[in-house]
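# Structural description and commentary
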Amino acid sequence: MDFGIKGKKAIVCAASKGLGRACARSLALEGVDVVISARTEGPLMETADALQKETGVTITPVVADVTTDEGRAAVLAVCPNPDIVVNNAGGPPPGDFRDWDRDDWIKALDANMLSAIFMIKATVDTMIDRKFGRIVNITSGAVKAPIDVLGLSNGARSGLTGFIAGLSRKTVASNVTINNILPGPFDTDRLTTTLQAAAKNRGLSVEDVTAERLATNPAGRFGQPGEFGDLCAYVCSAQAGYLTGQNFLIDGGAYPGTF
Ligand code: NAP
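These numbers come from a predicted model, not from an experiment.

### Things to note about the sheet that holds strand β7 (residues 247–250)
In a beta sheet, neighbouring strands pair by backbone hydrogen bonds and run either parallel or antiparallel. Pairing in this open sheet of seven strands is parallel, and the strands run β3-β2-β1-β4-β5-β6-β7 from one edge to the other. Unpaired on one side and paired on the other, β3 (59–63) and β7 mark the two borders of the sheet. On average, each strand axis in the sheet is tilted by 15 degrees relative to the strand beside it, whichever way the strands run. Note that strand β2 (residues 33–38) and β3 share five bridges and pair parallel. Along β3, the bridge assignment pairs Ile 36 with Pro 61. Here helix α2 (residues 41–55) sits on the sheet in contact with β2 and β3, set at roughly 175 degrees to β3. Together, β1 (9–12), β2 and β3 form the strand contacts of helix α3 (residues 69–78), whose direction differs from that of β3 by roughly 155 degrees.

Next up, the structure:
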């Protein structure tokens, strides 16, 4: 299937590794020129180089922290009128809400709610004018089934989800869609870090915690980033203009509900 987005321009935030990188790759394989960002230069340059060699499109790396005004401005300076925006940032740390002060909450809101809202604010009106736009926010399965130790994530991402539910109905008539993709456990650095933290907290080995986590997933495995990226590319496709305001859970069936 040809997704009909060859030659379009995309920004994928937080994309030197993991799910962001996978979204950038899947879009690039569809012929989209992609601007990717991350805070650490080395891995970002390596990813840009690797994706450009593999796909033949233009991959432009921008070293930037997308949770700051300056970081987002740096990304938008290179690509002021993207056709596609994938919002992503690192997830907040686990912990107990009794230990979090206002600064911890503001950091989580900046990373997992406001950075996406400000990227949308900066790009959605030109998408509406051009009658094409696809915005995808990488959120988390925690939006549907909260994870107790990830209260900062549960709260901040649910705020973003509520905001998107309203806005996405206002843009779709102009062929600008806004959707969220909710990862369950995917085999990335972030998952490794959370498994290591869980093992330490419970005094277990990382192998035991990993085996336990795998045993609770109906698929019996963690997701591969490429599976996530390909879903993202479809949601960004020309064919997906009637899809908006949705929350696509991709978790191997881990969420147990009917709906
Ligand atoms: P990852 O493998 O750790 O990759 C994170 C990427 O984001 C890296 O390229 C990182 O590069 C970049 N990044 C982080 N903070 C950034 C910032 N402020 N500005 C710009 N770039 C930034 O993480 P992942 O697994 O792909 O996770 C992506 C998102 O999905 C996170 O919010 C995570 O919480 C969420 N999620 C993941 C899973 C999972 O199982 N993997 C499950 C649920 C939710 P630098 O560090 O160099 O900036």
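### Details of the site of the ligand
Taken together, the neighbourhood of the ligand is formed by 27 residues, with Ser 16, Leu 19, Thr 40, Ala 89 and Thr 188 sitting nearest. One of the backbone nitrogen or oxygen atoms of Lys 17 is found 3.0 Å away from an oxygen atom of the ligand. Broken down by secondary-structure element, the contributors of at least two residues to the shell around the ligand are α1 (18–29) and α6 (189–202). In terms of residue class, the shell around the ligand is made up of ten nonpolar, eleven polar and six charged.

### Points about the environment of Ala 28
Residue placement: Ala 28 occurs in helix α1. Linking Ala 28 and Glu 54, residues 26 residues apart in sequence, is a C-alpha distance of 9.0 Å. Apart from residues lying up to four places away in sequence, Ala 28 is in contact with Val 34, Thr 55, Val 57 and Ile 59.

### Digging into the environment of Ile 135
Position of Ile 135 among the secondary structure elements: in strand β5 (residues 133–138). Residues Ile 135 and Val 66, spaced 69 residues apart in sequence, show a C-alpha to C-alpha distance of 16 Å. When neighbours within four sequence positions are excluded, Ile 135 is seen to be in contact with Val 85, Asn 87, Ile 120, Val 124, Met 127, Thr 177, Ile 178 and Asn 179.

### With respect to the pattern of salt bridges
The full count for this structure, using the stated rule, is eight salt bridges. Glu 54 serves as the salt-bridge partner of Arg 25, at 2.6 Å between the closest nitrogen and oxygen. Residue Arg 25 is found in helix α1, and its partner Glu 54 is found in helix α2; the two are separated by 29 residues along the sequence. Here Glu 212 makes a salt bridge to Arg 202, at a shortest N to O gap of 2.8 Å.

### Structural notes on the side chain of Asp 251
You can see Asp 251 is positioned in the segment after β7. When neighbours within four sequence positions are excluded, Asp 251 is seen to be in contact with Gly 184, Pro 185 and Asn 217.

### Focus on helix α4 (residues 102–130)
If you check α4, its first and last C-alpha atoms are 40 Å apart, about what 29 residues at 1.5 Å a residue would give, namely 42 Å. Residue Asp 110 marks the point of greatest curvature in α4, where the axis turns by about 45 degrees. Turning to α4, its buried residues number three or more, namely Ala 108, Ala 111, Asn 112, Met 113, Ser 115, Ala 116, Ile 117, Met 119, Ile 120, Thr 123, Val 124 and Met 127. Contacts from the buried residues of α4 go to β1, α3, β4 (84–87), β5, α5 (151–171) and β6 (176–183). Between the side-chain oxygen of the N-cap and the backbone nitrogen of Asp 103 there are 3.2 Å, and the N-cap of α4 in question is Asp 101. Within two residues after α4, Lys 131 carries a phi angle of roughly 60 degrees, on the positive side.

### What to know about the packing of α4 against α5
α5 packs onto α4 with a crossing angle of 15 degrees between their chain directions and a minimal axis gap of 8 Å. When the axis of α4 is compared with that of α5, the two are roughly parallel. The way α4 lies across α5 gives a crossing that is right-handed. Across the interface between the two elements, Asp 104, Trp 105, Ala 108, Leu 109, Asn 112, Met 113, Ala 116, Ile 117, Ile 120, Val 124 and Ile 128 from α4 touch Gly 151, Leu 152, Gly 155, Ala 156, Arg 157, Gly 159, Leu 160, Phe 163, Ile 164, Leu 167 and Thr 171 from α5. Residue composition of the contact of α4 with α5, grouped by class: 15 nonpolar, five polar and two charged.

### Considerations on the packing of aromatic side chains
Applying the stated criterion across every chain, the model contains three aromatic pairs. Measuring from ring centre to ring centre gives 5.8 Å for Trp 100 and Trp 105, while their planes differ by 85 degrees; the resulting arrangement is edge-to-face. Of the residues examined, Trp 105 reaches a relative accessible area of 31% and is grouped as partly exposed. Centre to centre, the rings of Phe 186 and Phe 228 are 5.5 Å apart; their planes meet at 85 degrees, and the pair counts as edge-to-face. Of the two residues, Phe 186 is situated in the loop between β6 and α6 and Phe 228 in helix α8 (residues 225–235); the sequence distance between them amounts to 42 residues. By relative accessible area, which is 0% here, Phe 228 ends up buried.

What counts and how
Residues numbered from 1 in each chain as written. Predicted model: local features only at pLDDT ≥ 70, side-chain atom pairs only at ≥ 80, totals over all residues. Heavy atoms only, no water. Pairing = 2+ DSSP bridges. Helix = DSSP H or I, 4+ residues; strand = E, 2+ residues; numbered from the N terminus. Axes fitted to C-alpha atoms, helices over the stretch in contact; angles between N-to-C directions. Contact = heavy atoms within 4.5 Å. Near = heavy atom within 4 Å. Polar contact = N/O pair within 3.5 Å; in protein donor to acceptor, adjacent residues only side chain to side chain. Nonpolar A, V, L, I, M, F, W, Y, C, P; charged D, E, K, R; others polar. Salt bridge = Lys/Arg side-chain N within 4 Å of Asp/Glu carboxyl O. Expected span 1.5 Å × (residues − 1). Bend = angle between axes of the 7 residues up to and from the residue. Buried < 20%, exposed > 50% of the residue type's maximum accessible area, 1.4 Å probe, protein only. Parallel < 35°, antiparallel > 145°, perpendicular 65-115°, else oblique. Left-handed = near helix turned anticlockwise from the far one by under 90°. Phe/Tyr/Trp six-rings, centres within 6.5 Å; stacked < 30°, edge-to-face > 60°.

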